[in-house]
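What follows is the residue order along each chain.
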Amino acid sequence: MSAGKNAGIVGVGSYVPEKILTNYDLERMVETSNEWIVTRTGIEQRRIADENTFVSDLATKAAQRALEDAGMQAEEIELIVVATITADMSSPAAACMVQHNLGAVNAVAFDINAACSGFVYGLSVASQFIQTGCYKNALVIGAETLSKITNWKDRNTCVLFGDGAGAAVLKAVEAPYGILSTHTGTNGSMGKVLTIPALNLAAEELAKRDQEYARTIWMDGQEVFKFAVKIMVEATKRVLADVHLGVEDLDMIIPHQANTRIIDGAAKRLKLNKEKVFTNIQQYGNMSAASIPVALDEAVKGGLIQNDDIVVMVGFGGGLTWGSAVVKWQK
Ligand code: UT7
């Protein structure tokens, strides 16, 4: 790889299951209301995968759309990274299943577990493989079926999540275009505020020692909320500063879609106009690793991102983890 090449995003795609679960449906399942969910989170409905549809199925469909958008064949792909916390199996990785489904026989494939930050972590890893010249291109996918691990009796969490997948094809492009910088971070000491136990014997033993791990999705919402607003602001400023840009240079921010109040709070602190902040949480809820790539696909296809735009993707989630990426867009 010669100097002066970046990894550019040359194709995007997404797929969400057909089944819609509205807030009114949830009113019949737990003690909640459409009014509470909309005012506290911004969510109106979410998509739910049926019992025979898994993360690898959603990821494959999103990847096929991204490949089509990039005008590339599956056999050309050299690396597949799937960001997920709801893979079909512990092994094989969802990425290996996607490789097989696509017929991407020349690709190395592995998963990343960084919860809602997973897609940005994936961009960070894949773009560095491309910059070093190790791989010419990569497929980065964020995919989740959170509905399969949701405690449908816990109103604190069951109203928040949804299923879906989004994908991006990365390829070497000439600077100054492409991914200009990524920033990722972790604070494991805060891991207990958002947990999902593994379904294995080790997890059962761990749960006996520490009851906080012994549930389905469990979250201290307020702790995550405070962390989220702060870290979104910091991670956005940090990744822009890495490439000597400021918030005033930003054309579009694609934030993780966890709560409109978190997004609005971060946007206000960044002094960003609403038109520069993409949201689609109303329709999909929080899709964890799939939130940012689905939002990116919709923003691009909706004509909201133009060539030469400076775009930041920023997320936070279980771990706790966070990540941001700044892109000078060219397609
Ligand atoms: O993707 C990354 C991870 N997740 C997040 O980013 C989520 C971050 N946190 C949040 O978005 C918010 O904290 C929540 C939306 C989860 C909760 O909003 P909140 O304003 O922090 O509400 P709260 O937890 O303080 O609860 C307020 C009240 C409580 O009742 P009391 O104790 O005041 O009587 C809850 O029991 O709302 C109650 N409540 C509900 N009421 C109706 C909690 N969930 C519901 C519900 N429907 N679904």
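Along each chain, residues carry numbers from 1 onward, in the same order as the chain's sequence is written. Residues qualify for local features only when their pLDDT is at least 70, as the model is predicted, and side-chain atom pairs are given and counted only at 80 or more; totals for whole chains, interfaces and linings, by contrast, use all residues. Side-chain numbers come from the whole structure's heavy atoms, not from hydrogens or water.

Quick notes on the overall build of the chain
- Strands here are runs of E lasting at least two residues and helices are runs of H or I lasting at least four, both read from the DSSP assignment and numbered beginning at the N terminus. Along the backbone of the chain there are 11 helices and 13 strands.
- Values of the radius of gyration come from C-alpha atoms, whereas the globule rule sets the reference at 2.2 Å times the count of residues to the power 0.38. In terms of C-alpha radius of gyration, the chain reaches 19 Å, essentially the compact-globule figure of 20 Å for 331 residues.
- Along the longest, intermediate and shortest principal axes, the C-alpha atoms of the chain span 55 × 45 × 35 Å.
- Categorising residues by exposure relies on relative accessible area from a 1.4 Å probe, with only protein chains included: less than 20% of the type maximum marks a residue as buried, more than 50% marks it as exposed, and the intermediate range marks it as partly exposed. In the chain, which comprises 331 residues, the share counted as buried stands at 56%.
- Any two residues having at least one pair of non-hydrogen atoms within 4.5 Å are treated as being in contact. In the chain, once contacts between residues fewer than 6 apart in sequence are set aside, the share between residues at least 24 apart is 77%.
- Counting only carbon and sulfur atoms, one obtains 49% of the accessible surface of the chain, whose full area is about 14300 Å².
- A positive count includes Lys and Arg, and a negative count includes Asp and Glu. His and the chain ends are not counted in either. To locate a charge, the coordinates of NZ of Lys, CZ of Arg, CG of Asp or CD of Glu are taken. Charge-centre separation for the chain: the mean point of 30 positive side chains lies 5 Å from the mean point of 37 negative side chains. Per-residue and other accessible areas follow the Shrake-Rupley method at a 1.4 Å probe size, with only the shown protein chains counted as cover for residues.

Quick notes on the sheet that holds strand β12 (residues 310–317)
- Strand order in the open sheet made by the four strands is β8-β13-β12-β11, with mixed pairing throughout. The open sheet has two free edges, formed respectively by β8 (178–186) and β11 (252–255), since each of these has just one partner strand. Taken over all neighbouring pairs, the strand axes of this sheet differ in orientation by 10° on average, direction set aside.
- Across four bridges, β11 lies against β12 in parallel orientation. The partner of I253 across the bridge, within β12, is V312. A pair of strands is treated as paired once DSSP finds two or more bridges between them. Helix axes use the C-alpha atoms of the stretch in contact, all axes being lines fitted to C-alpha atoms, and the angles between their N-to-C directions lie in the range 0 to 180 degrees.

Describing the nonpolar core
- As used here, the term nonpolar core means buried Ala, Val, Leu, Ile, Met, Phe, Trp, Tyr and Cys residues forming a set that is joined through side-chain atoms within 4.5 Å. The biggest cluster of nonpolar side chains holds 44 residues, and the ones touching the most others in it are I253, L272, V312 and F316.
- Secondary-structure elements contributing two or more residues to this core are α8 (221–242), α9 (260–270), β12 and β13 (321–328).
- In this structure, I112, Y135, I292 and A299 belong to the second largest nonpolar core, which totals 33 residues.

A closer look at the packing of aromatic side chains
- Stacked, edge-to-face and tilted are the three classes for Phe, Tyr and Trp ring pairs, Trp counted by its six-membered ring, which pair at centre distances within 6.5 Å; planes under 30 degrees apart are stacked, over 60 edge-to-face, the rest tilted. Under the criterion given, the structure shown has two aromatic pairs.
- Arranged with centres 5.8 Å apart and planes meeting at 65°, the rings of F227 and W322 form a pair that is edge-to-face. Of this pair, F227 sits in helix α8 while W322 sits in strand β13; the two residues are 95 residues apart in sequence, bridging distant segments of the chain.
- Residue W322 is classed as buried on the basis of its relative accessible area of 14%.

Quick look at the domain arrangement of the chain
- One can read the domain layout of the chain as domain 1 (5–179) and domain 2 (181–328).
- Start and end positions for the domains come from either an automated domain assignment or a database one. For domain 1 and domain 2, the distance between their C-alpha centroids amounts to 14 Å.
- Each side of the interface is counted separately: domain 1 has 49 residues, and domain 2 has 44 residues.
- For the pair domain 1 and domain 2, the summed buried surface comes to about 3800 Å²; carbon and sulfur atoms form 64% of the total.
- Of all residues in domain 1, the largest losses of buried area upon contact with domain 2 belong to C116, V120 and Y121, amounting jointly to 16% of the total for that side.
- Pairing of N or O atoms within 3.5 Å defines a polar contact, subject to two protein rules: one partner must be a possible hydrogen donor and the other a possible acceptor, and residues neighboring in sequence count only if both atoms are side-chain atoms. Between the two partners, domain 1 and domain 2, sit 23 residue pairs in polar contact (both at pLDDT 80 or more).
- If you list the elements that add at least two residues to the side of domain 1 that touches domain 2, you get β1 (5–15), α2 (34–41), β3 (45–47), α5 (118–132), β6 (137–145), β7 (163–174) and β8.
- The greatest single-element share of the side of domain 1 that touches domain 2, amounting to six residues, is contributed by α5.
- Ten residue types, Ala, Val, Leu, Ile, Met, Phe, Trp, Tyr, Cys and Pro, are classed as nonpolar, four, Asp, Glu, Lys and Arg, as charged, and the remainder, Gly among them, as polar. Considering only residue class, the side of domain 1 that touches domain 2 consists of 23 nonpolar, 18 polar and eight charged. Once two parts are put together, the accessible area they lose, assessed with a 1.4 Å probe and summed over both, is termed the buried area.

Topic: the environment of A168
- Tracing the backbone shows A168 in strand β7.
- For A168, the residues in contact, after removing those within four places along its chain, are I9, G11, V12, A66, F119, A138, L139 and V140.

Details of the site of the ligand
- Only heavy atoms are used to decide nearness, and a residue is near a molecule or strand if one of them lies within 4 Å of it. Around the ligand, 23 residues are found, and the nearest of them are T32, R40, Q222, N259 and N286.
- W36 is positioned such that a nitrogen or oxygen atom in its side chain is 3.3 Å from an oxygen atom of the ligand.
- Those elements that place two or more of their residues in the shell around the ligand are α2, α6 (155–158), α8 and α9.
- The greatest single-element share of the shell around the ligand, amounting to four residues, is contributed by α8.
- Classifying every residue of the shell around the ligand by side-chain character gives 11 nonpolar, eight polar and four charged.

Examining the sheet that holds strand β5 (residues 108–112)
- Judged by pairing direction, the sheet is mixed, and its five strands sit side by side in the order β1-β7-β6-β4-β5 without closing on themselves. Because the sheet does not close on itself, it has two edges, and the strands there are β1 and β5. Pairs of neighbouring strands in the sheet enclose a mean axial angle of 20°, with direction left out of account.
- Inspection of the sheet shows β6 paired to β7 by nine bridges, in the antiparallel sense. Following the sheet pairing, V140 is matched in β7 by A168.

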